[in-house]
Amino acid sequence: MTPKDTVPAARTPGDRAEEPHDAYVPSARRLERERFKRARARRAAAVAAVSTLVTGTVLFLVVVESPGWPRTRETFFNAHYAREALPHVLEGLWLNIRLLAVCGAAVLALGMLLAVARTLRGPVFFPLRALATAYTDFFRGLPLIICLLMVVFGVPALRLRGVTTDPVLLGGTALVLTYSAYVGEVFRAGIESVHPSQRAAARSLGLSGGQTLRHVVLPQAVRRVVPPLLNDLVSLQKDTGLVSVAGAVDAVYAAQISASKSFNYTPYVVAGLIFVALTIPMTRFTDAVTARMDRRRAQGGIV
């Protein structure tokens, strides 16, 4: 038998695993493209930094060099009055946080009920749809400050037996009445965005109308409207300060008390900065959730 007739032995998976693998070597063109992208990113970051620095410097000089800046600094940015007002403002802020938690939960629940009522089908539900529509149109058109004044001062004037006159509860009620109308429309938009084929498929599987709404439609609708719901909660967080018109000692009213003692408006600035500090994390969280849902939707991860 000649060497040509020799049949090579079959290689086992272990033998193939022991063979060296060729490492991936990017081409010169790909390396050049990556270097160009990195250089462009560094250049863009440098231009943005310089532009921001120049803009900030110009604005700072415009404000500081204005004729009334010394008086404005003494009236609105006085460190002494800021230190005095900060403990009282923080104590009042606890009321705003509690209002946000309680009113936020009530707004979500009532808004969902309004959205479901407005999407009910059939002539028998027409009165319910009409009432939900009238409620939504009225409180979306009524300014929040007027709603607060009507509830806070109008309800006690009726002298109804068993009805509270607590300004915190009445102010929270006004917030819930107004914001539930907006949140109800957000939920309704999410419900109506679910394709009718989802309902048809659920009913073909034997689910009732209520089961279809609960297990098929609402989960999809809520996922789609998470970003606008978070935006409404951010607005609610800021508007909890309006309960101060009822006499509730929140952060804004605590700042007003401090300002009335010294006739200096620095406590208002302190309260405003605290609200901004609370709002920015929620805003960034809303942006992150929106971006993540957009990526999932682009990849087909959200029905």
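See the structure above.
Note that this is a predicted model, so its numbers are computed, not measured.

Caption draft 1: Geometry of the packing of helix H8 (residues 196-204) against helix H9 (residues 209-224). With their axes 10 Å apart at the nearest point, H8 and H9 run at an angle of 140° to one another. When the axes of H8 and H9 are compared, the pair comes out oblique. Relative to H9, the crossing made by H8 is right-handed. Between H8, through Gln198, Arg199, Ala202 and Arg203, and H9, the contact on the second element is made entirely by Gly209, Thr212, Leu213, Val216, Val217 and Gln220. Residue composition of the contact of H8 with H9, by class: four nonpolar, four polar and two charged.

Caption draft 2: Molecular detail of a positive patch on the surface. Together, Arg29, Arg33, Lys37, Arg40 and Arg43 give the surface a local cluster of positive charge. Its location among the elements puts Arg43 in helix H2 (residues 28-64).

Caption draft 3: The arrangement of the nonpolar core in detail. Counting residues in hydrophobic clusters, the biggest one holds 39 residues, and the most contacted among them are Cys103, Cys147, Leu175, Phe187, Ile191 and Leu229. Taken together, the elements giving at least two residues each to this core come down to helix H4 (79-119), helix H5 (126-141), helix H6 (144-158), helix H7 (167-193), H9 and helix H10 (226-239). Setting aside chain neighbours within four positions, we find Leu229 in contact with Leu108, Val183, Val186 and Phe187. By size, the runner-up hydrophobic cluster in this structure holds nine residues, among which are Val89, Leu93, Ile274 and Phe275.

Caption draft 4: Local environment of a nonpolar patch on the surface. There is a patch of nonpolar side chains on the surface, built from Ile145, Ile146, Leu149, Met150, Phe153 and Val245 and spanning about 500 Å² of accessible area. Within the secondary structure, Met150 sits in helix H6.

Caption draft 5: Structural view of the layout of surface pockets. Space inside the largest pocket adds up to approximately 230 Å³. Lining of the largest pocket is provided by Thr119, Leu120, Arg121, Phe125, Pro196, Arg199, Arg203, Gly209, Gly210, Thr212 and Leu213. Within the residue set of the lining of the largest pocket, elements represented by two or more residues are H8 and H9. The element best represented in the lining of the largest pocket is H9, accounting for four residues. Among the residues forming the lining of the largest pocket, the class breakdown is four nonpolar, four polar and three charged. What lines the second largest pocket is simply Tyr81, Glu84, Ala85, His88, Ala254, Ile257, Ser258, Lys261, Ser262 and Pro267. Within the residue set of the lining of the second largest pocket, elements represented by two or more residues are H4 and helix H11 (251-262). For the lining of the second largest pocket, the leading source of residues is H11, giving five residues.

Caption draft 6: Representation of unusual backbone geometry in the model. Residue Arg159 is not a glycine yet carries a positive backbone phi of 55°. Tracing the backbone shows Arg159 in the loop between H6 and H7. Even without being a glycine, Phe263 presents a positive backbone phi close to 55°. Relative to the helices and strands, Phe263 is located in the loop between H11 and helix H12 (266-298). When its relative accessible area of 71% is taken as the criterion, Phe263 is described as exposed.

Criteria and cut-off values
Residues numbered from 1 in each chain as written. Predicted model: local features only at pLDDT ≥ 70, side-chain atom pairs only at ≥ 80, totals over all residues. Heavy atoms only, no water. Axes fitted to C-alpha atoms, helices over the stretch in contact; angles between N-to-C directions. Helix = DSSP H or I, 4+ residues; strand = E, 2+ residues; numbered from the N terminus. Parallel < 35°, antiparallel > 145°, perpendicular 65-115°, else oblique. Left-handed = near helix turned anticlockwise from the far one by under 90°. Contact = heavy atoms within 4.5 Å. Nonpolar A, V, L, I, M, F, W, Y, C, P; charged D, E, K, R; others polar. Patch = residues over 30% accessible without salt bridge, like charges linked within 9 Å, V, L, I, M, F, W, Y side chains within 5 Å. Areas by Shrake-Rupley, 256 points an atom, 1.4 Å probe, with all protein chains shown as cover. Salt bridge = Lys/Arg side-chain N within 4 Å of Asp/Glu carboxyl O. Lys, Arg positive; Asp, Glu negative; His and termini not counted. Charge placed at Lys NZ, Arg CZ, Asp CG, Glu CD. Core = buried A, V, L, I, M, F, W, Y, C linked by side-chain atoms within 4.5 Å. Buried < 20%, exposed > 50% of the residue type's maximum accessible area, 1.4 Å probe, protein only. 1 Å grid on protein atoms, 1.4 Å probe; cavity = no way out; pocket = protein on both sides within 12 Å on 5 of 7 lines; lining within 4 Å. Points joined across faces, edges and corners; volume = space filled by probe spheres on them.

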